[in-house]
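Residue-level structure breakdown
The primary structure of each chain is shown beneath.
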Amino acid sequence: FTALGYLGDAGDLSVLEEFCRVLRPGGWLVIETLHRDALARRYESLGVDMLPDAAYLVEERSFDLAGGVMEATHTLLVPGKEADSRSFRMRVYTATELIGMVERAGFVDVSFFGDLQGAPLSLESRLTLVARKPL
């Protein structure tokens, strides 16, 4: 799904700065993630997935398009057991926001694609960002 967005803008920038610090000069960063525009296009406030043994995973979501923030609660329903719920908040970046953040973290030669094979970014695709640590 994604590894960025759970720490807020400042926390995510710190993670990217640490990636830049530990990469060898000329090393490459590759991030494959969800982007805000794709999420906005296919957003649904409720998802239900059937799991083995007659269990269900219910996901209730809200999405602030202007702020790019999704809040969700996942509830696991297993017959004969008490429901187990977990909530999280995630910042979902636009391509432009993510490029700016990666550049602020110290990376150069930033480009983006719609997948790991180099397809163009689209409203239906995920976002693959490639950037290099300066020499």
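Residues numbered from 1 in each chain as written. Predicted model: local features only at pLDDT ≥ 70, side-chain atom pairs only at ≥ 80, totals over all residues. Heavy atoms only, no water.

Section: helix H1 (residues 8-22)
- Across its 15 residues, H1 extends 21 Å between first and last C-alpha, which sits within 8% of the 21 Å expected from 1.5 Å per residue.
- Within the span of H1, buried status applies to Gly 11, Asp 12, Leu 16 and Cys 20.
- Those residues of H1 hidden inside the fold are in contact with strand E1 (28-33) and helix H3 (95-104). (Helix = DSSP H or I, 4+ residues; strand = E, 2+ residues; numbered from the N terminus. Expected span 1.5 Å × (residues − 1). Buried < 20%, exposed > 50% of the residue type's maximum accessible area, 1.4 Å probe, protein only. Contact = heavy atoms within 4.5 Å.)

Section: the pattern of salt bridges
- A complete count under the given rule lists 10 salt bridges for this structure.
- Residues Asp 37 and Arg 36 are paired through a salt bridge, measuring 2.6 Å at the closest nitrogen-oxygen approach.
- We note a salt bridge from Arg 132 to Asp 109, for which the minimum N-O separation is 2.6 Å. Of this pair, Arg 132 sits in strand E7 (residues 127-132) while Asp 109 is found in strand E6 (residues 108-113), placing the two residues 23 residues apart along the sequence.
- One salt-bridge network, in which partners are shared between bridges, spans Asp 9, Arg 91 and Glu 97. (Salt bridge = Lys/Arg side-chain N within 4 Å of Asp/Glu carboxyl O.)

Concerning the packing of H1 against H3
- One can describe the packing of H1 onto H3 by two numbers: an axis separation of 9 Å at closest approach and a directional angle of 50°. Relative to H3, the element H1 lies oblique. Crossing handedness for the pair H1 and H3: right-handed. Note on element contacts: H3 touches H1 through Met 101, Val 102 and Arg 104, opposite Asp 9, Asp 12, Leu 13, Leu 16 and Glu 17. (Axes fitted to C-alpha atoms, helices over the stretch in contact; angles between N-to-C directions. Parallel < 35°, antiparallel > 145°, perpendicular 65-115°, else oblique. Left-handed = near helix turned anticlockwise from the far one by under 90°.)

Details of the pairing of strand E4 (residues 69-77)
- Across nine bridges, the pairing between strand E3 (residues 56-64) and E4 is antiparallel. Within E4, the residue paired with Arg 61 across the bridge is Ala 72.
- Between the end of E3 and the start of E4, which pair antiparallel, lie four residues, with Gly 68 showing a positive phi angle near 65°.
- Following E4, the chain reverses through six residues before pairing antiparallel with strand E5 (residues 84-91); Gly 80 in that reversal takes a positive phi of roughly 80°. (Pairing = 2+ DSSP bridges.)

Re the sheet that holds E6
- Pairing is antiparallel across the open sheet formed by three strands, whose spatial order is E1-E7-E6. With partners counted over all chains shown, the strands left at the sheet margins are E1 and E6, one partner each. Across the sheet, the mean angle separating the axes of adjacent strands is 15° when strand polarity is ignored.
- When E1 meets E7, the two strands line up antiparallel, connected through six bridges. Opposite Glu 32, over in E7, you have Thr 128 as the bridge partner.
- Against the sheet, H3 makes contact with E1, E6 and E7, and its axis sits at roughly 20° relative to E7, the strand it touches most.

Let's talk about H3
- Among the residues of H3, Ala 95, Leu 98, Ile 99, Gly 100, Met 101 and Val 102 are the ones counted as buried.
- Note on H3: the residue one or two positions beyond its end, Gly 106, has a positive phi of about 115°.

Distances and angles like these do not, on their own, reveal function.
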